[in-house]
Amino acid sequence: MTTALITGASSGLGAEFARQLAAEGHDLVLVARHRERLEAAARGLSAEHGVEVEVVDVDLTDPEGLAFAVARAKDPSRPVGILVNNAGHGLLHDFHDNTLLDEVNHLRLHVEAAMSLCHAALPGMLARGEGRIINVASVAAYLPRGTYAAAKAWLLTFSRWANVHYRRSGVHVTALCPGLTRTEFHSRMGMETRYLPAWIWLRADRVVRDGLRDNLAGKAVSVPSVLYKATVAASKVLPDRLLGGPARRARST
Ligand SMILES: NC(=O)c1ccc[n+]([C@@H]2O[C@H](COP(=O)([O-])OP(=O)(O)OC[C@H]3O[C@@H](n4cnc5c(N)ncnc54)[C@H](OP(=O)(O)O)[C@@H]3O)[C@@H](O)[C@H]2O)c1
């Protein structure tokens, strides 16, 4: 068993990664901004599974916060064997209606933080000849849907390349590309979801189970569910004006 560092571990998919990896016996480093939520999760998971859980309460869009998390990911005395880059949020408005700072922080969280943590953890993984990285992207990575989709496309392309490049050295890199999943994501960004049918939603436990399984198997991309696999297939043939979708409603899936 190894240590897993999970960003965005205070809710949603990140909290579910923490539960499933703790149940497998891995020690954890939980990263997010809300210390109380992380500490409550840490207490529960240590008590239930007997694993060690560290809490790193930082804002990953803040250079000092990111530097702190990077230093932890690099620490050779407490090696990170599994890295889950999961922290993220959506932007409700169109690109031109957001402040540039909102856009820059969004890009920092999805891309700079994930890239920095991969860069920090990889050398140790390569030296040990084993490691696992899951970058939580989105099915939106395949769709022309604003800067959210563009940031997720970075994670997807990087993971596809990195998995080919590092797999032969024992490091598996997977982009996990969920569709709509029930978490706090949409309420946090103020998105109305009542009109969406129940069948369109995935459960976080299923998304995480699929992602962990596909990463273990060495797959570069994991797309949970037939529905969203079909969405990816459709993205390769349908025109952008259809894939851009009913923008305000579905923009940040
Ligand atoms: N839910 C979906 O439908 C869906 C679909 C496709 C992809 N995704 C992706 O899945 C990932 C997880 O999202 P989720 O659905 O689980 O949403 P969520 O429940 O809102 O969780 C987001 C997590 O990110 C953390 N976070 C946000 N901003 C942060 C910051 N500046 N620094 C550090 N941590 C930060 C939050 O914790 P704190 O507030 O405590 O910092 C929280 O733990 C995201 O990358 C999202 O883009 C979600």
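In what follows, the structure referred to is the one given above.
As a convention, each chain's residues are numbered from 1 in the sequence order in which they are written. pLDDT decides what is reported in this predicted model: residues at 70 or higher carry local features, side-chain atom pairs at 80 or more are listed and counted, and totals for whole chains, interfaces and linings draw on all residues regardless. To obtain the side-chain values, all non-hydrogen atoms of the structure were included, while hydrogens and water were left out.

Q: Got a minute to help me understand the state of the cysteines in this structure?
A: The term disulfide refers to a covalent linkage connecting the sulfur atoms of a pair of cysteines. Disulfides are defined in this document as cysteine sulfur pairs within 2.5 Å. With the rule as written, the count across this model stands at zero disulfides. This cysteine, Cys 118, is not joined by any disulfide, and Cys 177 carries the nearest cysteine sulfur, 14 Å off. For Cys 177, a relative accessible area of 0% corresponds to the buried category. Accessible area is worked out with a 1.4 Å probe on protein chains only. A residue is then buried under 20% of its type maximum, exposed over 50%, and partly exposed in between.

Q: So what exactly am I meant to see when it comes to the pairing of strand β5 (residues 131–136) here?
A: Numbering goes from the N terminus for both helices and strands, where a helix is a DSSP run of H or I of at least four residues and a strand is a run of E of at least two. Judged by how many residues are buried, β5 sits mostly within the fold: six of six residues are covered. Side chains Gly 131, Ile 133 and Asn 135 project from β5 onto one buried face, and the interleaved Arg 132, Ile 134 and Val 136 project onto a second face that is buried too. For two strands to be treated as a pair, DSSP must find at least two bridges joining them. Of the pairings in the sheet, the one linking strand β4 (residues 80–85) to β5 comprises four bridges and is parallel in character. Residue Leu 83 lies in a different strand from β5, and its bridge partner there is Ile 133.

Q: Would you take a moment to explain the site of the ligand for this structure?
A: Nearness is judged by heavy atoms alone; a residue qualifies as near a molecule or strand once a single heavy atom is within 4 Å of it. Around the ligand, a shell composed of 32 residues is seen, among which Arg 33, His 34, Tyr 148, Thr 183 and Arg 188 lie nearest. Within the side chain of Tyr 148, an N or O atom sits 2.6 Å from an oxygen atom of the ligand. The separation between an oxygen atom of the ligand and a polar main-chain atom of Phe 185 is 3.4 Å. Of all the elements in the fold, those that place two or more residues in the shell around the ligand are α1 (12–23), α4 (100–128), α5 (146–167) and α6 (185–188). Classes in brief: Ala, Val, Leu, Ile, Met, Phe, Trp, Tyr, Cys and Pro nonpolar; Asp, Glu, Lys and Arg charged; the others, Gly included, polar. Broken down by class, the residue content of the shell around the ligand amounts to 13 nonpolar, 14 polar and five charged. By the criterion applied in these results, polar contacts are pairs of N or O atoms within 3.5 Å in which, for protein atoms, one can donate a hydrogen and the other can accept it, and in which residues neighboring in sequence qualify only through two side-chain atoms.

Q: So what exactly am I meant to see when it comes to α1 here?
A: In an α-helix, one full turn covers 3.6 residues, which means residues spaced three or four apart are oriented alike. Helix span is expected to be 1.5 Å times the residue number reduced by one. Here α1 spans 17 Å end to end across 12 residues, near enough to the 16 Å set by a 1.5 Å rise per residue. Within α1, nine of the 12 residues are buried, which leaves it mostly tucked inside the rest of the structure. Residues of α1 that are buried include every one of Leu 13, Gly 14, Ala 15, Glu 16, Phe 17, Ala 18, Gln 20, Leu 21 and Ala 22, and no others. Downstream of α1 by one or two residues, Gly 25 has phi in the positive range, about 100°.

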